[in-house]
2 protein chains.
Amino acid sequence: MLPEMPLLHATRRNFLKTATMAAACLPLAGWLPRTLRAAEPGRKLGFALVGLGSLSTHQIAPALLNTRYCRLAGIVTGTPAKAKRWQAQYNLPDKSIYNYETMDRLADNPDIDVVYVVTPNALHAEHTIKAAQAGKHVLCEKPMEVSSEKCQQMIDACRKAGRQLAIGYRLHFEPNNRECVRLAREKVFGGLKIIQAGFGFKIGDARQWRLRKALSGGGPLMDVGIYALQATRYLTGEEPLLISATSTTTDHLKFAEVEESLVWQATFPSGIIANCSTTYSVGGIKGYRAYAENGWFGLDPAYEYTGQKGLRSDGQTIALPPVDHFAAQMDNFAQCIFENRPTPVPGEEGLRDLRVMTAIYESVRTGKTVKLG
Amino acid sequence: MLPEMPLLHATRRNFLKTATMAAACLPLAGWLPRTLRAAEPGRKLGFALVGLGSLSTHQIAPALLNTRYCRLAGIVTGTPAKAKRWQAQYNLPDKSIYNYETMDRLADNPDIDVVYVVTPNALHAEHTIKAAQAGKHVLCEKPMEVSSEKCQQMIDACRKAGRQLAIGYRLHFEPNNRECVRLAREKVFGGLKIIQAGFGFKIGDARQWRLRKALSGGGPLMDVGIYALQATRYLTGEEPLLISATSTTTDHLKFAEVEESLVWQATFPSGIIANCSTTYSVGGIKGYRAYAENGWFGLDPAYEYTGQKGLRSDGQTIALPPVDHFAAQMDNFAQCIFENRPTPVPGEEGLRDLRVMTAIYESVRTGKTVKLG
């Protein structure tokens, strides 16, 4: 076990400082390690995955094999057959196989340093809080939860336990997105004025948890629209002041509980306006473009697991070498834990998105512009 | 002079019928004449241009030379030096040179069949009504006027005079836009779900009439956003039901009277949602993309005088041979007049855009979704 880290206070000042520190400490391309703690050379942090769905199976577990500072050390699953398959495939000891009833016992397992929560959105708080109470650091998939209140409970639980909480915003570690952040912040094309961003896909199986509001908290906004929201926030470096939004549903059977498509507009303090779209009904909306005083730039695709590429109005392409996003994210979290410095994507970042998404749904519901305080 | 044509009633039923007729009678590519009235073989309609600014000088007058059924037959200008220059360049007779005080006398000039109004937006009604009262057909640039009331006055005046009124929606005659309409209406990629459209540019001279609300009626929405609005209407073939909109201004000196940037969302009866942007502060926003159940298509650039090109999600390009938009528009109007059939872009079409734009400004002002009746 690692010693406790200083608590991360969620004030705006510290928040900005954290973001700046993070930007400074992450290389824009490639992935170079920083000095590890001399006391533990070569040590890898043990990760336990909670929820063994498609994301864990096809992205996160394979990515763990690509990390430098992490290893798969345990699993939590409600499906015994999955437990058996994973245990064999990844050579996990019996003591590191948990279900949702036994995961409290993580506290007794020194092989596990970090719990990675990959369950449906509305279970994130429960699993994060259990992990924190077991003394583990937590990496939690986006969206952080389904309400600001539950996000705050997660932050509080991790703070109380003296453990770090990071949200799975893997694009913060993706070189082409980072290049766009650089183009924006360094005003390479002048100050930003308008951002167009969107992410959607045509959803398949109508029985999946993403379409059940009690588990998902919402539709495409919570699932993929959040990437477009994140993009507007990391490109501008600002928080939205005003939100207006509209949603539509044409298939009322499939989308009985969550929206089918949703568009929203965010006005930022500097006057930048973002015009965003998300949907579960069509493919092809998968990028962003930022329009600045003297030109534009953007990525399309911007958010997927691989294949980021972009254009600039001066004819240059944005095509930095790909990294394994999940590996980069987990290695970064491990480094932050090793070096006792705050993650650049803390719970407060997830909470902030939840607040904006809550405002978006409020605007849809009321038909009014919502002011964020 | 041509005989009076049947009055065009602005009911919704006739309106739809008119649009359908127009779509049926216009070829999708190329420009093939229909049978002219046997009584007047080879006759060209005489056009008088009202307002000799950049659009008349650089687009419309040259385009008249490319028409089959039209010719420049007169001018109305408040600037004697321009009158002299144009008269010499286009070999116009003295009797066909007018200023804004003398344009009533158009009634006495049988050489002039059509008056093309190219003055600032807020003068369109005055000049259209004068032309109608002089017994001329009128082609009026977009936006039709600065209020629905003034649009209605124009429609009424032309109806009373028994003359046609067309609005300068040149893209209705542009093959690549027409191809997108075909892809939408024939559901080549399935039913439309989401449209993203925008048009903007970085405005230069801060003293131009476009930035004076009394003359323009509004900012980029009235000037170029109207193209994105039109695109959402001709792609869907529907009228927006709900509008929400947000505007921002960062340069309060330059944009003291009109908005700098504006985004709006329109929900259509079938559930299609359109997410649109317009601006006077950045370049590069100049196209649309329509996302349908099984794919997407769109143009970028979509609205400029030349250079339309497009992509489809199946990898095909949209690149139909270019036409002179202004020539095509004027020839179409001439054919409609010759054949005594209604223009596909009547005053009612311009009024409809004004109603939507009025709702957009109302939504900006109130911060509320506006319902269109």
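Residues numbered from 1 in each chain as written. Chains lettered and ligands numbered in written order. Predicted model: local features only at pLDDT ≥ 70, side-chain atom pairs only at ≥ 80, totals over all residues.

## Things to note about the overall build of chain A
Part 1 of the argument: Helix and strand content of chain A: 10 helices and 15 strands.
Part 2 of the argument: Burial statistics for chain A: of 373 residues in total, 54% are counted as buried.
Part 3 of the argument: By sequence separation, contacts in chain A at least 24 residues apart represent 70% of the contacts at least 6 residues apart. (Helix = DSSP H or I, 4+ residues; strand = E, 2+ residues; numbered from the N terminus. Buried ≥ 20, exposed ≤ 12 C-beta atoms within 10 Å, placed from the backbone. Contact = placed C-beta atoms within 7 Å.)

## Some words on the domain arrangement of chain A
All names here are of chain A.
Part 1 of the argument: Assigned domains of chain A: these are domain 1 (12–171 + 327–342) and domain 2 (175–322 + 355–371).
Part 2 of the argument: Each of domain 1 and domain 2 was reduced to a C-alpha centroid, and the two centroids are 25 Å apart.
Part 3 of the argument: Taken residue by residue, the interface counts 12 residues in domain 1 and 20 residues in domain 2.
Part 4 of the argument: Of the residues belonging to the side of domain 1 that touches domain 2, the class tally is 8 nonpolar, 3 polar and 1 charged. (Domains from an automatic or database assignment. Nonpolar A, V, L, I, M, F, W, Y, C, P; charged D, E, K, R; others polar.)

## Considerations on the relation of the copies chain A and chain B
Part 1 of the argument: Once chain A has been moved 0.0 Å along the axis and rotated by 180°, it coincides with chain B to within an RMSD of 0.0 Å. The superposition operator between the copies reduces to a two-fold rotation axis. Measuring from the rotation axis to each C-alpha of chain A, the shortest distance belongs to A:K368, at 2.2 Å.
Part 2 of the argument: Comparing contact sets, 100% of the residues at the interface of chain A also lie at the interface in chain B, consistent with an isologous, same-surface contact. (Least-squares fit on C-alpha atoms with pLDDT ≥ 70 in both.)

## Notes on the packing of helix α5 (residues 148–161) of chain B against helix α10 (residues 347–366) of chain B
All names here are of chain B.
Part 1 of the argument: Closest axis-to-axis distance for the α5/α10 pair is 9 Å, and the angle between their directions is 170°. Overall, the two elements α5 and α10 adopt an arrangement that is roughly antiparallel. Residues S148, C151, Q152, M154, I155 and C158 of α5 form the contact with α10, whose own contacting residues are G347, E348, G350, L351, L354, R355 and T358.
Part 2 of the argument: Broken down by class, the residue content of the contact of α5 with α10 amounts to 6 nonpolar, 5 polar and 2 charged. (Axes fitted to C-alpha atoms, helices over the stretch in contact; angles between N-to-C directions. Parallel < 35°, antiparallel > 145°, perpendicular 65-115°, else oblique.)

## Some points on the sheet that holds strand β2 (residues 70–76) of chain B
Sheets are built from strands that pair by backbone hydrogen bonding, the pairs being arranged parallel or antiparallel.
Residue and element names in this part refer to chain B.
Part 1 of the argument: Here 6 strands make up an open sheet; going across it, the order is β3-β2-β1-β4-β5-β6 and the pairing parallel. In this open sheet, the two strands that pair with only one neighbour each are β3 (97–98) and β6 (165–167).
Part 2 of the argument: When strand β5 (residues 137–140) meets β6, the two strands line up parallel, connected through 3 bridges. Looking at β6, one finds that C140 is bridged to I167. (Pairing = 2+ DSSP bridges.)

## Re the pairing of strand β11 (residues 286–292) of chain B
Residue and element names in this part refer to chain B.
Part 1 of the argument: By the criterion of burial, β11 is predominantly enclosed, with 7 of the 7 residues buried.
Part 2 of the argument: Taken together, the 5 bridges between β11 and strand β12 (residues 295–299) define a ladder with antiparallel strand orientation. Paired with A292 across the strands is G295, a residue of β12.
Part 3 of the argument: Between the end of β11 and the start of β12, which pair antiparallel, lie 2 residues.

## What to know about the sheet that holds strand β7 (residues 192–200) of chain A
Residue and element names in this part refer to chain A.
Part 1 of the argument: As summarised here, the arrangement of the 9 strands in space is β14-β13-β12-β11-β7-β10-β9-β8-β15, forming an open sheet in which the pairing is mixed. Of all strands in the sheet, those bounded by a partner on one side alone are β14 (317–318) and β15 (370–371).
Part 2 of the argument: Sheet topology places strand β12 (residues 295–299) next to strand β13 (residues 310–312); 3 bridges connect them, and they run antiparallel. Across the sheet, the residue bridging to F297 is R312, located in β13.
Part 3 of the argument: Here helix α6 (residues 175–185) sits on the sheet and contacts β7, β11 (286–292), β12, β13 and β14; the angle it forms with β12, its principal contact strand, is near 160°.
Part 4 of the argument: Against the sheet, helix α10 (residues 347–366) engages β8 (242–248), β9 (261–267) and β15, with an angle of about 60° to β8.

## Quick notes on the pairing of strand β10 (residues 273–279) of chain B
Each regular strand displays side chains that alternate between the two surfaces of the sheet.
All names here are of chain B.
Part 1 of the argument: Counting buried positions along β10 yields 7 of 7 residues, so the element is predominantly enclosed.
Part 2 of the argument: Side chains I273, N275, S277 and T279 of β10 all project onto a buried face; the interleaved residues A274, C276 and T278 project onto the opposite face, where all are buried too.
Part 3 of the argument: Here strand β7 (residues 192–200) runs beside β10; their pairing, made up of 7 bridges, is parallel. By the bridge assignment for β10, I194 is matched with I273.
Part 4 of the argument: Note: strand β9 (residues 261–267) against β10, 7 bridges, orientation antiparallel. Bridge pairing in β10 links A266 to A274.
Part 5 of the argument: Linking β9 back to β10 in an antiparallel pair, the connection comprises 5 residues, with G271 at a positive phi of about 100°.

## With respect to the interface of chain A and chain B
Part 1 of the argument: The interface is formed by 30 residues belonging to chain A together with 30 residues belonging to chain B.
Part 2 of the argument: The residue makeup of the side of chain A that touches chain B, split by class, is 9 nonpolar, 18 polar and 3 charged.

## Examining the packing of helix α8 (residues 220–236) of chain A against α10(A)
Residue and element names in this part refer to chain A.
Part 1 of the argument: It is at 11 Å that the axes of α8 and α10 come closest, and there the two elements cross at 110°. Between α8 and α10, the crossing angle belongs to the class labelled roughly perpendicular. Here α8 and α10 pass one another in a crossing that is right-handed. On α10, the residues touching L221, M222, I226, L229 and Q230 of α8 are D353, V356, M357 and I360.
Part 2 of the argument: For the contact of α8 with α10, the residue count by class is 7 nonpolar, 1 polar and 1 charged. (Left-handed = near helix turned anticlockwise from the far one by under 90°.)

## Re the environment of A:R85
Part 1 of the argument: Within the secondary structure layout, A:R85 lies in helix α3 (residues 80–90).
Part 2 of the argument: The spatial distance from the C-alpha of A:R85 to the C-alpha of A:K44 is 23 Å, given a sequence separation of 41 residues.

## Let's talk about helix α8 (residues 220–236) of chain B
Residue and element names in this part refer to chain B.
Part 1 of the argument: The terminal C-alpha atoms of α8 lie 23 Å apart, and with 17 residues this matches the ideal 24 Å at 1.5 Å per residue to within 8%.
Part 2 of the argument: At I226, α8 shows its maximal kink, close to 50°.
Part 3 of the argument: With 17 of 17 residues buried, α8 lies mostly within the body of the structure.
Part 4 of the argument: Remark: G237 follows α8 within two positions and exhibits a positive phi of approximately 70°. (Expected span 1.5 Å × (residues − 1). Bend = angle between axes of the 7 residues up to and from the residue.)

## Section: unusual backbone geometry
Residues and elements named next belong to chain A.
Part 1 of the argument: Cis geometry is adopted by the peptide bond preceding P143, which originates at K142 and carries an omega value of -10°.
Part 2 of the argument: Structurally, the position occupied by P143 is in the loop between β5 (137–140) and α5 (148–161).
Part 3 of the argument: With an omega dihedral of 5°, the bond running from D300 to P301 counts as a cis peptide bond.
Part 4 of the argument: Among the structural elements, P301 can be located in the loop between β12 and β13.
Part 5 of the argument: Phi is positive for N340, close to 60°, though the residue is something other than glycine.

## With respect to the environment of B:G191
All names here are of chain B.
Part 1 of the argument: Within the fold, G191 resides in the loop between α6 (175–185) and β7.
Part 2 of the argument: Placed 79 residues apart in sequence, G191 and S270 show a C-alpha to C-alpha distance of 9.6 Å.
Part 3 of the argument: Leave out the neighbours within four places in its chain, and G191 touches A292 and E293.

## With respect to the environment of B:I360
All names here are of chain B.
Part 1 of the argument: Along the chain, I360 falls in helix α10.
Part 2 of the argument: Each C-alpha atom of the pair I360 and K44 lies 40 Å from the other, and the pair is 316 residues apart in sequence.
Part 3 of the argument: With near-sequence residues (within four places) excluded, I360 lies in contact with L221, I243, A245 and W264.

## A short note on α5(A)
Residues and elements named next belong to chain A.
Part 1 of the argument: Relative to the 20 Å expected for 14 residues at 1.5 Å per residue, α5 spans 20 Å between its end C-alpha atoms, a close match to the ideal helical length.
Part 2 of the argument: Taken together, the buried positions of α5 are K150, C151, M154, I155, A157 and C158. Taken down its axis, α5 places every buried residue within 165° of arc, on the same side. Summarising the geometry of α5, the exposed residues directed more than 90 degrees from the buried face are E149 and K160.
Part 3 of the argument: Buried residues in α5 make contact with α4 (124–133), β5, β6 (165–167) and α10.
Part 4 of the argument: Where α5 terminates, the next one or two residues include G162, which has phi positive at roughly 70°. (Arc of directions from axis to C-beta.)

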